[in-house]
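The lines below spell out each chain.
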Amino acid sequence: MIHSKKIIVVLPAYKAEKTLLKTYNEIPFDIVDEVILVDDNSPDETITVANSLGIKHIIKHDNNLGYGGNQKTCYNKALALGGDIIIMLHPDYQYTPKLIHSMSYLIAHEVYPVVIGSRILGKGALKGGMPRYKYIANRFLTLTQNILMNQKLSEYHTGYRAYNRKVLESIDYNSNSDDFIFDNQFLAQVFYKGFEIAEITCPTKYFEEASSINFKRSIQYGVGVLKTSLAYFLDKKGILQSKLFH
């Protein structure tokens, strides 16, 4: 806890048996109170490893719901457990848990309600092995989103995020997509509700066991990002109301 605020780390897991141990061992339990792992019907031994680590809250989906569907279960459980600060950390060890302190303190001290780890603020993305086409796509999409949404984020596509409870309670994230576009829809909803987002530099690692979507899925994601940003723009201008924000 920090200032009596309960901190919960949620791990949306899929085929994380080879990386879960390293991720879990770097979680700072001097401030983290609970860990929730949601396994999206992995075909490997993710659940076995989670049990061996003594993770108290483990949920296994009977069917694969998708990345967004996994997060919905994570956040619903975190709120049910009384979390005040909820941090979403990928258990594939692509993002370092060592930033949890910094992210948590910004929220606990009420400096910002949302903190994301940006791979773009520093040189972490390409240095960490991000494919160049993904880097270029990231920069293009982020520029377009900042223009349409009148914001100044360095990137919208990181999977390392921390929220205070009020943010999760203010947004109807359960109505969002179950696919990867969930993350982007969520940030658009955060901005629509008037919450500010802080960014901290985050190194990243790309390796065989780290989760990543293929080129085809990346194209589908990019189209979804543009649709989300356009819906935000049209809604804010009063041209066309979107169910995403109402």
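Details of the structure are given in the entry above.
Keep in mind it's a predicted model, so treat the numbers as computed, not measured.

Undergrad: Now, about the overall build of the protein: what can you tell me, with residues and values included?
TA: Summing up its helical and strand segments, the protein has 9 helices and 7 strands in all. Over its C-alpha atoms, taken along the principal directions, the protein stretches across nearly 55 × 40 × 35 Å. When the 246 residues of the protein are sorted by exposure, 54% land in the buried category. Long-range pairs, those at least 24 residues apart, make up 74% of the contacts in the protein with a sequence separation of at least 6.

Undergrad: Provide a residue-level description of the sheet that holds strand E2 (residues 34-39), including the pertinent values.
TA: Where strands meet in a sheet, backbone hydrogen bonds hold them as pairs that are either parallel or antiparallel. Taken in spatial order, the 7 strands line up as E3-E2-E1-E4-E6-E5-E7 in an open sheet, and their pairing is mixed. Unpaired on one side and paired on the other, strand E3 (57-60) and strand E7 (197-201) mark the two borders of the sheet. Strand-to-strand twist of the sheet, defined as the mean angle between neighbouring strand axes without regard to direction, takes the value 20 degrees. Where E2 and E3 come together, 4 bridges link them in parallel fashion. Within E3, the residue paired with Asp39 across the bridge is Lys60. Along the sheet, helix H3 (residues 67-80) contacts strand E1 (7-13), E2, E3, strand E4 (85-88) and strand E6 (161-164); its crossing angle with E1, the most-contacted strand, is approximately 155 degrees.

Undergrad: Summarise the layout of surface pockets; cite the residues concerned and give the values.
TA: Empty pockets left among the atoms are what a rolling probe the size of a water molecule brings to light. When its volume is computed, the second largest pocket comes out at roughly 180 Å³. Lining the second largest pocket are Ser170, Ile171, Asp172, Ser175, Asn176, Gln189, Tyr192, Lys193, Lys243, Leu244, Phe245 and His246. Of the residues in the lining of the second largest pocket, the class split is 4 nonpolar, 5 polar and 3 charged.

Undergrad: Can you break down the packing of aromatic side chains residue by residue, with the values?
TA: Summed over all chains, the structure comprises 13 aromatic pairs. Ring plane angle 65 degrees and centroid distance 6.4 Å describe the contact between Tyr156 and Phe191, whose orientation is recorded as edge-to-face. Here Phe191 lies in helix H8 (residues 182-192) and Tyr156 lies in the loop between helix H6 (132-149) and E6, a separation of 35 residues in the sequence. A single burial state applies to Tyr156 and to Phe191, both of which are buried. Judged by centre distance (6.1 Å) and plane angle (20 degrees), the ring pair of Tyr173 and Phe186 falls under stacked. You can see Tyr173 sitting in the loop between helix H7 (165-170) and H8 and its partner Phe186 sitting in helix H8, a full 13 residues away along the chain. Of the two residues, Tyr173 and Phe186, neither departs from the other in class, the shared state being buried. Here the aromatic cluster, defined as three or more aromatic residues joined through ring pairs, consists of Tyr75, Tyr163, Tyr173, Phe182 and Phe186.

Undergrad: Tell me about the packing of H8 against helix H9 (residues 215-236), and name the residues and values.
TA: Relative to each other, H8 and H9 sit at 15 degrees, their axes nearing to 10 Å. The orientation of H8 relative to H9 falls into the category roughly parallel. Pair H8 / H9 crosses with right-handed handedness. Taking contact as the criterion, the partners of Asn184, Gln185, Ala188, Phe191 and Tyr192 in H8 are, on H9, Tyr221, Val225, Thr228, Tyr232, Asp235 and Lys236. Across the contact of H8 with H9, the residue classes break down as 6 nonpolar, 3 polar and 2 charged.

Reading the values: rules and limits
Residues numbered from 1 in each chain as written. Predicted model: local features only at pLDDT ≥ 70, side-chain atom pairs only at ≥ 80, totals over all residues. Heavy atoms only, no water. Helix = DSSP H or I, 4+ residues; strand = E, 2+ residues; numbered from the N terminus. Buried < 20%, exposed > 50% of the residue type's maximum accessible area, 1.4 Å probe, protein only. Contact = heavy atoms within 4.5 Å. Pairing = 2+ DSSP bridges. Axes fitted to C-alpha atoms, helices over the stretch in contact; angles between N-to-C directions. 1 Å grid on protein atoms, 1.4 Å probe; cavity = no way out; pocket = protein on both sides within 12 Å on 5 of 7 lines; lining within 4 Å. Points joined across faces, edges and corners; volume = space filled by probe spheres on them. Nonpolar A, V, L, I, M, F, W, Y, C, P; charged D, E, K, R; others polar. Phe/Tyr/Trp six-rings, centres within 6.5 Å; stacked < 30°, edge-to-face > 60°. Parallel < 35°, antiparallel > 145°, perpendicular 65-115°, else oblique. Left-handed = near helix turned anticlockwise from the far one by under 90°.

Purely geometric stuff here, so don't read any function into it on its own.
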